[in-house]
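Each chain, letter by letter, is given below.
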Amino acid sequence: MKRAILNCMAGLFLLAGNANADQTAEFERRIAALERQIEQIEERSSPLSDSERHLRVGGFATLGFTHSEHAFSTSDLDFSKNLDFSTDSKAALQLDYRLNEQWSITTQWMGRAHDDWRTETEWAFIKYQPDPALSFRLGRLRLPLYFFSESLDVGVAYPWARPPVTAYVTSVSNYDGVDAGYRFVTGVLTHELRVFTGATKGQLPVSPASELDDILGGTYQLNYEYCSLRLMVSRMSAR
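Residues numbered from 1 in each chain as written. Predicted model: local features only at pLDDT ≥ 70, side-chain atom pairs only at ≥ 80, totals over all residues. Heavy atoms only, no water.

What follows concerns the pattern of salt bridges. Considering all chains together, one arrives at 13 salt bridges under this definition. With a closest N to O distance of 3.3 Å, R142 and D153 form a salt bridge. One end of the pair, R142, is in strand β7 (residues 134–142); the other, D153, is in the loop between β7 and β8 (174–186), with 11 residues separating them in the sequence. Each of the two residues, R142 as well as D153, counts as buried. One salt-bridge network, in which partners are shared between bridges, spans K90, R112, E122, R142 and D153. (Salt bridge = Lys/Arg side-chain N within 4 Å of Asp/Glu carboxyl O. Helix = DSSP H or I, 4+ residues; strand = E, 2+ residues; numbered from the N terminus. Buried < 20%, exposed > 50% of the residue type's maximum accessible area, 1.4 Å probe, protein only.)

Before going further, it helps to spend a moment on the packing of aromatic side chains. Any pair of aromatic rings gets described here by the distance separating the centres and the angle formed by the planes. All chains considered together, the criterion is met by 10 aromatic pairs. Centre to centre, the rings of F65 and F85 are 5.6 Å apart; their planes meet at 50 degrees, and the pair counts as tilted. Placement of F65 in the loop between β1 (55–62) and β2 (72–73) and of F85 in the loop between β3 (78–79) and β4 (90–98) is noted, with a sequence separation of 20 residues between them. On the basis of relative accessible area, F65 is assigned to the exposed category, the value being 52%. Aromatic side chains F147 and F148 sit 5.2 Å apart centroid to centroid with 65 degrees between the ring planes, which places their arrangement in the edge-to-face category. Taking the relative accessible area as the measure of exposure, F147 reaches 42% and is therefore partly exposed. A connected cluster of aromatic rings, assembled from ring pairs, spans F147, F148, Y158 and W160. (Phe/Tyr/Trp six-rings, centres within 6.5 Å; stacked < 30°, edge-to-face > 60°.)

Next up on the list: the environment of V188. Mapped onto the elements, V188 comes out in the loop between β8 and β9 (189–204). Sequence separation between V188 and Y224 is 36 residues, and the spatial gap between their C-alpha atoms is 6.6 Å. Once residues lying within four places of it in the same chain are set aside, the contact partners of V188 are N223 and Y224. (Contact = heavy atoms within 4.5 Å.)

Formed by W123, F125, L141, L143, V172, Y175, F196, L212 and I215, the largest nonpolar core amounts to 9 residues. Among the secondary structure elements, those contributing two or more residues to this core are β6 (119–131) and β10 (207–224). The contact partners of Y175, leaving out residues within four places of it in the chain, are G139, R140, L141, R142, L143, P144, F196, T197, G198, A199, T200 and I215. With 6 residues, the next largest nonpolar core counts Y146, Y158, Y168 and V169 among its residues. (Core = buried A, V, L, I, M, F, W, Y, C linked by side-chain atoms within 4.5 Å.)

Further remarks concern the side chain of T200. Mapping T200 onto the fold places it in strand β9. On the accessibility criterion, T200 (9% relative accessible area) is buried.

Strand direction decides the pairing type here: β6 and β7, joined by 6 bridges, are antiparallel. Within the sheet, the bridge partner assigned to I126 lies in β7 and is L138. Linking two consecutive strands that pair antiparallel, namely β6 and β7, is a turn of 2 residues. Sheet analysis places β7 next to β8, joined by 9 bridges and oriented antiparallel. (Pairing = 2+ DSSP bridges.)

Take a nonpolar patch on the surface next. A contiguous nonpolar surface patch, about 910 Å² in accessible area, is contributed by L55, V57, L93, Y97, L99, W103, I105, W109, I126, L138 and V178. Of all elements in the fold, only β1, β4 and β5 (103–112) reach the threshold of two or more residues within the nonpolar patch. The biggest single contributor to the nonpolar patch is β5, with 3 residues. With respect to the helices and strands, I105 occurs in strand β5. (Patch = residues over 30% accessible without salt bridge, like charges linked within 9 Å, V, L, I, M, F, W, Y side chains within 5 Å. Areas by Shrake-Rupley, 256 points an atom, 1.4 Å probe, with all protein chains shown as cover.)

Distances and angles like these do not, on their own, reveal function.
Below, the structure is given as C-alpha cells:
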C-alpha cells in the first residue's frame, strides 16, 4: 500500500512540470531508497505476519438443559426428573496451524459440565494433503462411526438438540491412529472414500469399560446436491 502511494506521488510530481532532469532523477533515487526501506521493514516483520496468517484459533460452546419424566441412564449420560444444565453443556478450544501448503496441525481441547469441566484432548493430529483430493492424518482422530462424527460435539451442525442416545454413543468418539481420505467427482456426483485404523478406550453399552483394539474400517459417502448416502464398515476387538 505504501509503495502504491509513493508511485502515485511520483506521477503527480512529473505531471506538474517545472522540474528539470536532475530534480527528477533525485526524486526517483529517493523513491527507490524509500522502497528499499519498506522492503526491509516487511522482511523484519515477516515471521510475525506468517504466524498470524498460518495460525487459526477457534472454538465453540453449548449451553443446554435436560428434563425427563422418568430418570434413566445411557452408557455415557444420566437423565433425571430435575432440570439439569450439566448433561449437554460443553466448551472447546481449537488451534489449527498450517505449516505450508501440504502440512498442517490441529489440536482441540474440550471440557464437559457433566464431567466437572475436566479438559480432555479431542483432536491432536498432523495432516498431509498433497493435493485437494487426497489427505492423510496421523494422531488422535474422530472415530467415523456416525454420519455426524466429525461434528459430533458442535450442536449447530446437526438437526437435533442432541444426537439420538439410541444410536450415538458419544463416550467413544475418538481413537489414536491413522486415516486416509480421497475425494473425486463423476458428473454431478461427489464421492468421498476414507479408510482408518487404530485403537481407543471408552465405555460401551455392552460393558462398563472397554478397550477397542485393532480397529480397521472404511467409509464411503455419495453426495448429490443436498442429498447424501453414507456407508460404513468396520472391524474391532473389545476387551
